[in-house]
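Summary of the model geometry
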Amino acid sequence: MQYVANPRTSFAIVPVDTSVGPEKQRCLLIGQKTSSGSSTSGTLVTDVPRDDASINALFGADSHLAMIARAYRSVNKRTRVDALPLDDNGSGVAATASVAFSGTATGSGRLTVTVVSAELHTYELDVAVGDTAATLATNLSAIIGADRNMPFTKAVSTGTITFTAANAGTHANDWLLALDGAVAGITTTLTGWHNGATNPSLTTLLDPVGAVRYQSIVWPSSYTTSTIKAFLNGRKNVNNAVMDGMAFMYANQAFSTLKSTALALNSSEFCIIANEPTSVSGRWIGPHVPEAPDCITAKIVAAFDRRLDPGASISDIVSTNAALDQYGGIHTHSLPLFNTPLLNTGMPLKGTGFTDDEQVELRDNGVSIIGANREWNAVITSVMVTTWQNDDAGNPDETWKYVEWRRTHGAIREYFQENCQKRFRQSRLTTGVAVPLYDIADEAIIRAYLLQLYLELTQWCLTVAGPEARAAFMKNLSVILVPGQRLVQVAAKVQMVSQLGEIDGTIEYTFSTN
């Protein structure tokens, strides 16, 4: 259609110029599969399913990796999760454990046997007068036979039932075996998990990851840490991308060993979680929390990841009642991680675990503690720290001591980097004054935009708000333009929000109003 229209008018529609937040959280699970799983060893599985049946089909219902994935998904069905399945080492040996009954019952009662997980694999064995040891072992085997998703097999010989891990390797050596109850005439002997040997080779484990970023990685407790340490340390600062992430591992180790393990790692990208291994003869052999160590890690990481999912309901995994902290997002980087409940987990044995003094010493040496709350009705996290303790020269350095500090620092860096790349995606550069209505940046424009980003981060409680903090940011902000290299050099000091972790004070009494 031809027509006359003046003045000639044209408006182009362009995208809204808004800031972008950090990349969506992505987690990597690592572990061993069994032959019934359809996944291929050493091949990255993307987007791990949300339901148990699909997880079982991928990795094998009885496998090490399936139990880790089910544990993660029991807490978090929102976050994107990938997995690296591994076949057992051809020379691997599966760990075993056993419950041996002896005698004949002269009374009646109930024995409760827990294998690996109090939540999933606890069995109640009713004992009648006259029951023999062989009868009890047979009856217990029948009860266990009705269970599902067991990461072990069972076999009965006279009065002894022996359990064998479905996967070979050392991961099962730290599994739980526990007994509660006693019946007259019956003696029960527990032999904890042992003799698992030879893990899969990790030489090329992470090659399939390529350029994919994982903000969190569940690292099996029995795997050597040098592989993942080198991988993550190398991603901390890279050119033209944000690739950093953190590995988490539950270590079922003694006090002195934990300190040595953390010091050897000395990485801001690695978090060791622990409490004292429990060994009470005839009662409990295994980790302090009655769950497989790698599943403990998976549940903790799942909770931390869900906190970072924008809009996710997180009221069941935070202790605060603050309205905006009931939903996930970038702001939770700075929200304390201590007092996070460990969902779907049984309680430790009373009277066990590290003392308060030991917990503090471990915290100061790069080890994070989990344990029972004051009322002994929930398992919660304590202060979460990285293993970072000193710089390369050996000088003590607390820059990234706490997981919240490391993650908040990383989120601030990512926000600045991603938004600068977006804002200046096709800009000219001038040491003079920018010309209006053209995409051209001068020093004033760059400084103003960096201040804008800083102020946006204050609204998410990541950077410090207020006129003094704003003035300090601008005072310490260096912007140098090098047009001959098409380069802008920026150096910024950003006041970061911290956490209230301790209150010290004095209180005196008086009978006077003066």
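Structure first, text after, so check above.
Predicted model only: the values in this text are computed from it and were never measured. (Residues numbered from 1 in each chain as written. Predicted model: local features only at pLDDT ≥ 70, side-chain atom pairs only at ≥ 80, totals over all residues. Heavy atoms only, no water.)

1. A few points about the packing of aromatic side chains
Inclusion rule: Aromatic rings from Phe, Tyr and Trp, taking only the six-membered ring of Trp, are treated as a pair when their centres fall within 6.5 Å; an angle between ring planes under 30 degrees marks them as stacked, one over 60 as edge-to-face, and anything in between as tilted. Each helix corresponds to a stretch of at least 4 residues labelled H or I by DSSP, and each strand to a stretch of at least 2 residues labelled E; elements are numbered beginning at the N terminus. With a 1.4 Å probe rolled over the protein chains alone, any residue whose accessible area is under 20% of its type maximum counts as buried; one over 50% counts as exposed, and the rest are partly exposed.
Applying the stated rule across the entire model yields 13 aromatic pairs. A centroid spacing of 5.1 Å and a plane angle of 70 degrees characterise the contact between Trp388 and Trp400, whose relative ring orientation is edge-to-face. Pair noted here: Trp388 is in the loop between strand S16 (379-381) and helix H8 (403-423) and Trp400 is in the loop between S16 and H8, with a separation of twelve residues, a long-range link. Accessibility assignment for this pair places Trp388 and Trp400 in one class, buried. Seen from their ring centres, Tyr415 and Trp460 are 5.5 Å apart, and the 80 degrees between their planes marks the pair as edge-to-face. Here the residue Tyr415 occupies a position in helix H8, and Trp460 occupies one in the loop between helix H9 (443-458) and helix H10 (467-475), the gap between them amounting to 45 residues. What makes Tyr415 buried here is its relative accessible area of 1%.

2. Examining the pattern of salt bridges
Proximity of charged atoms lets side chains of opposite charge pair with each other. Let me state the cut-off plainly: Salt bridge criterion: a side-chain nitrogen from Lys or Arg within 4 Å of a carboxyl oxygen from Asp or Glu.
Taken as a whole and judged by the stated rule, the model has 20 salt bridges. Asp47 is the salt-bridge partner of Arg50, the closest N and O atoms lying 2.6 Å from each other. Since its relative accessible area comes to 29%, Arg50 is described here as partly exposed. By relative accessible area, which is 39% here, Asp47 ends up partly exposed.

3. Observations regarding the environment of Phe416
By secondary structure assignment, the location of Phe416 is in helix H8. Considered as a pair, Phe416 and Ile380 are 36 residues apart in the sequence and their alpha carbons are 33 Å apart.

4. Examining the sheet that holds strand S3 (residues 96-103)
Neighbouring strands of a sheet are bound in pairs by backbone hydrogen bonds; such pairs are parallel or else antiparallel. As a reminder, the rule being used: Strand pairing follows a simple DSSP-based rule, namely that at least 2 bridges must link the two strands. Between the N-to-C directions of two axes lies an angle of 0 to 180 degrees, each axis being a line fitted to C-alpha atoms and, for a helix, fitted only over the stretch in contact.
Strand order in this open sheet of four strands is S6-S7-S3-S9, and the pairing throughout is antiparallel. Each end of this open sheet is capped by a strand with a single partner; those strands are strand S6 (152-157) and strand S9 (186-194). Shown here is a sheet whose adjacent strand axes are inclined to one another by a mean of 15 degrees, direction ignored. Bridge count between S3 and S9: seven bridges; the pairing is antiparallel. Looking at the pairing, Thr96 lines up with His194 of S9.

5. A closer look at the side chain of Thr79
Counted only if it meets this: Pairing of N or O atoms within 3.5 Å defines a polar contact, subject to two protein rules: one partner must be a possible hydrogen donor and the other a possible acceptor, and residues neighboring in sequence count only if both atoms are side-chain atoms. Any two residues whose heavy atoms approach within 4.5 Å at even a single point are treated as in contact.
With respect to the helices, strands and loops of the structure, Thr79 is situated in the loop between helix H2 (64-75) and strand S2 (80-86). Taking relative accessible area as the criterion, Thr79 reaches 1% and is therefore assigned buried. Among the polar contacts made by the side chain of Thr79, one reaches the side chain of Asn76 at a distance of 2.8 Å. Non-local contacts of Thr79, meaning those with residues more than four positions away in its chain, are made with Gln25, Arg26, Cys27, Arg50, Tyr72, Arg73, Asp305, Arg306 and Asp309.

6. Focus: helix H5 (residues 255-265)
We apply this condition: Directions pointing from the helix axis toward each C-beta atom define the arc.
Along H5, the residues classified as buried are Leu258, Thr261, Ala262 and Leu265. One face of H5 carries all of its buried residues, which in axial projection span an arc of 95 degrees.

7. Here we look at the environment of Ser512
Within the element layout of this structure, Ser512 appears in the segment after strand S20 (487-491). Spatially, the C-alpha atoms of Ser512 and Met243 are 62 Å apart, while their sequence positions differ by 269 residues.

8. A few points about unusual backbone geometry
With phi around 55 degrees, Thr158 is a residue other than glycine that occupies positive phi space. Within the element layout of this structure, Thr158 appears in the loop between S6 and strand S7 (160-165). By relative accessible area, Thr158 is classed as exposed at 64%.

9. Quick word on the packing of helix H1 (residues 52-59) against H2
A pair of packed helices is captured by two measures, namely the crossing angle of their axes and the spacing between those axes. What counts, and what does not: When an angle is under 35 degrees it counts as roughly parallel; over 145 it counts as roughly antiparallel; between 65 and 115 it counts as roughly perpendicular; any other value is oblique. Should the near helix be turned anticlockwise from the far one by less than a right angle, the crossing is left-handed, and should it be turned clockwise, the crossing is right-handed. We call Asp, Glu, Lys and Arg charged. Ala, Val, Leu, Ile, Met, Phe, Trp, Tyr, Cys and Pro are nonpolar, and the rest, Gly among them, are polar.
Where H1 meets H2, the axes come as close as 9 Å, and the angle between the chain directions of the two elements is 155 degrees. With respect to H2, the element H1 is oriented roughly antiparallel. The way H1 lies across H2 gives a crossing that is right-handed. Contacts between H1 and H2 involve Asp52, Ile55, Asn56 and Phe59 on the former and, on the latter, Leu65, Ala66, Ala69, Arg70 and Arg73. Class assignment of the residues belonging to the contact of H1 with H2 gives a composition of five nonpolar, one polar and three charged.

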